2 protein chains.
Amino acid sequence: MLLSETESEQRIIRLQKELKGSRIGGALFIHPIDVFYFSGARQTSTLWVPAEGSPLLLVRESLNRALEESCITDIRPFPSSKEFLDIIPAEINKIGFTYDVVPVQQFNYYSTLLPGRELVDISTINRELRSVKSPWELTQMHASGDKLCEVFAQIPEFLKPGMREIDLAAEFEYRLCKAGSEGYLQVRAFNQELFRGLVVSGDNAACPGFFDGPVTGRGLSAASPQGASSAVIETNVPILMDFAGIFNGYIVDMTRMFVIGSLGPELLHAFDTALEIQSYLAENLKPGNICEELFAGALEKATKAGLGKNFMGAPGENAKFVGHGVGLELDEFPAIAQGFKVVLQAGQVIALEPKFVLPGLGVIGIENDFAVGDGGGVRITKLSDEIVFI
Amino acid sequence: MLLSETESEQRIIRLQKELKGSRIGGALFIHPIDVFYFSGARQTSTLWVPAEGSPLLLVRESLNRALEESCITDIRPFPSSKEFLDIIPAEINKIGFTYDVVPVQQFNYYSTLLPGRELVDISTINRELRSVKSPWELTQMHASGDKLCEVFAQIPEFLKPGMREIDLAAEFEYRLCKAGSEGYLQVRAFNQELFRGLVVSGDNAACPGFFDGPVTGRGLSAASPQGASSAVIETNVPILMDFAGIFNGYIVDMTRMFVIGSLGPELLHAFDTALEIQSYLAENLKPGNICEELFAGALEKATKAGLGKNFMGAPGENAKFVGHGVGLELDEFPAIAQGFKVVLQAGQVIALEPKFVLPGLGVIGIENDFAVGDGGGVRITKLSDEIVFI
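Criteria and cut-off values
- Residues numbered from 1 in each chain as written.
- Chains lettered and ligands numbered in written order.
- Predicted model: local features only at pLDDT ≥ 70, side-chain atom pairs only at ≥ 80, totals over all residues.
- Heavy atoms only, no water.
- Helix = DSSP H or I, 4+ residues; strand = E, 2+ residues; numbered from the N terminus.
- Rg over C-alpha atoms; globule rule 2.2 N^0.38 Å.
- Contact = heavy atoms within 4.5 Å.
- Lys, Arg positive; Asp, Glu negative; His and termini not counted.
- Charge placed at Lys NZ, Arg CZ, Asp CG, Glu CD.
- Buried < 20%, exposed > 50% of the residue type's maximum accessible area, 1.4 Å probe, protein only.
- Pairing = 2+ DSSP bridges.
- Salt bridge = Lys/Arg side-chain N within 4 Å of Asp/Glu carboxyl O.
- Domains from an automatic or database assignment.
- Buried area = accessible area lost by both parts, 1.4 Å probe.

J.: Describe the overall build of chain A, listing the residues and the values that go with them.
T.: Across its full length, chain A holds twelve helices and 17 strands. A compact globule built from 390 residues should have a C-alpha radius of gyration of about 21 Å, and chain A, at 22 Å, falls within 12% of that. Taken over the C-alpha atoms alone, chain A extends approximately 70 × 40 × 35 Å along its principal axes. Of all intrachain contacts in chain A linking residues separated by at least 6 positions in sequence, the fraction that spans at least 24 positions is 66%. The average position of the 33 basic charges and that of the 49 acidic charges among the side chains of chain A differ by 2 Å.

J.: Lay out the pairing of strand β1 (residues 26-29) of chain B with the relevant residues and their values.
T.: Residue and element names in this part refer to chain B. Burial along β1 is two-sided: G26 and L28 and A27 and F29, pointing in opposite directions, are all buried. Across two bridges, β1 lies against strand β5 (residues 94-97) in parallel orientation. Note on β5: the bridge partner recorded for G26 is I95.

J.: Kindly report on the pattern of salt bridges, identifying the contributing residues and their values.
T.: Summed over the entire model, instances satisfying the criterion amount to 52 salt bridges over all chains. Of the charged contacts in the structure, one is a salt bridge between R188(A) and D100(A), with a shortest N-O distance of 2.7 Å. With R188(A) in the loop between α9 (165-178) and β7 (197-201) and D100(A) in the loop between β5 (94-97) and α5 (104-113), this residue pair connects regions lying 88 residues apart in the sequence. A relative accessible area of 5% means that R188(A) is categorised as buried. Across the pair D385(B) and R379(B) runs a salt bridge whose closest N-O atoms are separated by 2.7 Å. Among the charged side chains, a salt-bridge network with shared partners connects D34(A), D100(A), R130(A), K133(A), R188(A), E329(A) and E332(A).

J.: I'd love a proper account of the domain arrangement of chain A, names of residues and values included.
T.: Accessible area lost during the coming together of the parts is what is often quoted as the interface size. Residues and elements named next belong to chain A. Parsing chain A into structural domains produces domain 1 (5-130) and domain 2 (135-389). Here the C-alpha centre of domain 2 lies 34 Å away from the C-alpha centre of domain 1. In this assembly, 15 residues from domain 1 lie in contact with eleven residues from domain 2. Interface area, domain 1 with domain 2, both sides summed: about 1,200 Å², of which 48% is carbon and sulfur. Of all residues in domain 1, I33, R127 and R130 give up the largest surface area on contact with domain 2, accounting jointly for 47% of the area buried on that side. At the boundary of domain 1 and domain 2, one finds five salt bridges. A salt bridge links R188 to D34, with the shortest nitrogen-to-oxygen separation between them at 3.0 Å.

J.: Describe in detail the interface of chain B and chain A, supporting the description with residues and values.
T.: Contacts between chain B and chain A engage 67 residues on the former and 66 residues on the latter. Taken together, both faces of the contact between chain B and chain A bury some 5,900 Å²; the carbon and sulfur share is 56%. It is Y184(B), F190(B) and F195(B) in chain B that bury the most area against chain A; as a group they hold 13% of the surface buried on that side. Counting across the chain B and chain A interface gives eight salt bridges. The closest approach of N and O atoms between D167(A) and K178(B), which form a salt bridge, is 3.1 Å.

Put into structure tokens, the structure is as follows:
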């Protein structure tokens, strides 16, 4: 079993404390990642967690697999409507539900199953809870980081002149798959998706798009307007490779820069500024620091370097963040972003990704994952930051 | 532009007819695939289609990209709440919304934006509409089919003894990526996901799971319990490769069987039965035939062959379908399934996948895509069905 009973129990206890604090009688989880986080199984099922008492995993498909993989003691087939009412005591009126990811049809289905009860939104409670990683989770993330770094370290062996962006993506993804990275990258926000990552070079990198990040890429068609394109990678332009590695569900996310040839001084200056901002942010990833203040500090450094308008996007299209939580999903809490007034907590893991978009020249920057710690960020992706010149 | 103005207009006209028939004043689409289908752009945006009049694309990110990619005439930045009310005339009371995919938070957001209006579910209207492909879409799907077949045809060159399932997946996905297949596979149903496809062999293939299909695979961890595992592929067992190819957004889905060595008579009998069922179904993919009757006919053939209990799942875990619509999403309408009483319509594209799960031996079967036509199914994936013996 991947998830131990103790680990699951501790998560349930933390949730129950939050539920009680908000006077919510229990929570129903149906989003697979939420179910996995608490139960250890990503099967199609409904997890009922009462504010007091033991959780119950109700499985639609596959029950055998859930019994094999989940550490929850009470696992049953999904019950009839009548039996469902017996499971959730009549005195429980307020029931937590994750409004951020659950479709309206599912909401209506559970509302009908539970007449007279109030399904209340616990999206924020759920995400805040999960933002803080346990020691076991941090170990998982360090292992993921090591594995992803090993694949990144191989890039100089296969990056060759004349390749298309998709050829480079294919070579990287081939090695990532063989290294055991799980394929499907979980993103929570509605409308967001990412395959394995991005290979973007030169002007294509600066192409705007739907992705909530500084870089989207041109992609292969209007149906898939993101990531690598079929353009041949030119010499003397920045090649940005931003990839996630996923092992036992735990995602790490990193970016490195490559060049066939050399780069002009504007791009090198922007890269140095990105490293400087990364150092500043990493030093300040301490419990108690406020997310939006760190973003403001990063923006200030970019502005001082004469690159404020290029920070995290093309001029006029700048994203207002420089880091995002990462764990079982690519977009976990917290964000190092404008308007994010929350304080950092020990054990949160954040991908810091200061990047600059220089229209006509391309995109340049860095990305590494750090755990928030008393002495500042503890680095998870340990490969050298330096640009690799081919 | 990928989508022509004429193609988009015809889709909008078909939708408007349905809306008027249901006395719905207009429809709001926010799911990216729905927005793409009607507008030609998969940017983060809201598409307003009044039951009468011209559609309007309201873009959050990226406006520039939407202007470049969409054939909608009226494209604007997403408006303020006040302006939004001006866009949707006060006399329009009933507004269609896709309850199947839109999260509760988004529903509540639009409900607040439009006080006093009724957001009604148009999930079925939307899916039925999209199930029928235009001649242009059929051309796209045939092109996707040819490209995916080219990659499948290469498998005998790289399938070698001693490979792990993930090694074989890596080799296939490498070539699929280089052939220009877009990465992210769209699946509409809540809780469902698939990376690029499945490589499963022997017993691992028979492992149950959350995926709504006859085959799930063991995967790499409980967090990603699907698809290829790290097990070495044995000799004399069926190796099932079920992959999707995506080009210009159009998905084709096919399965072929491979063996290193030979197969016993039970498996060969099951394979012959799968081919026989495929022929029966393909001949009957004619407008007017009823989906559930075709499923019943397929099950009857399986039963006659002594394989009823192994059809589409391990005994006791049998899926009650044998085919599914495919197009911009992997799980489009209609399903050739028990309880699916709808009639087939010309231009629908269906992946037929008769498969048998023989516990202890593995999974064997076939999958090809066909367009419903007056003379029966028109085959889209033309590669030979035969088992490849290595």
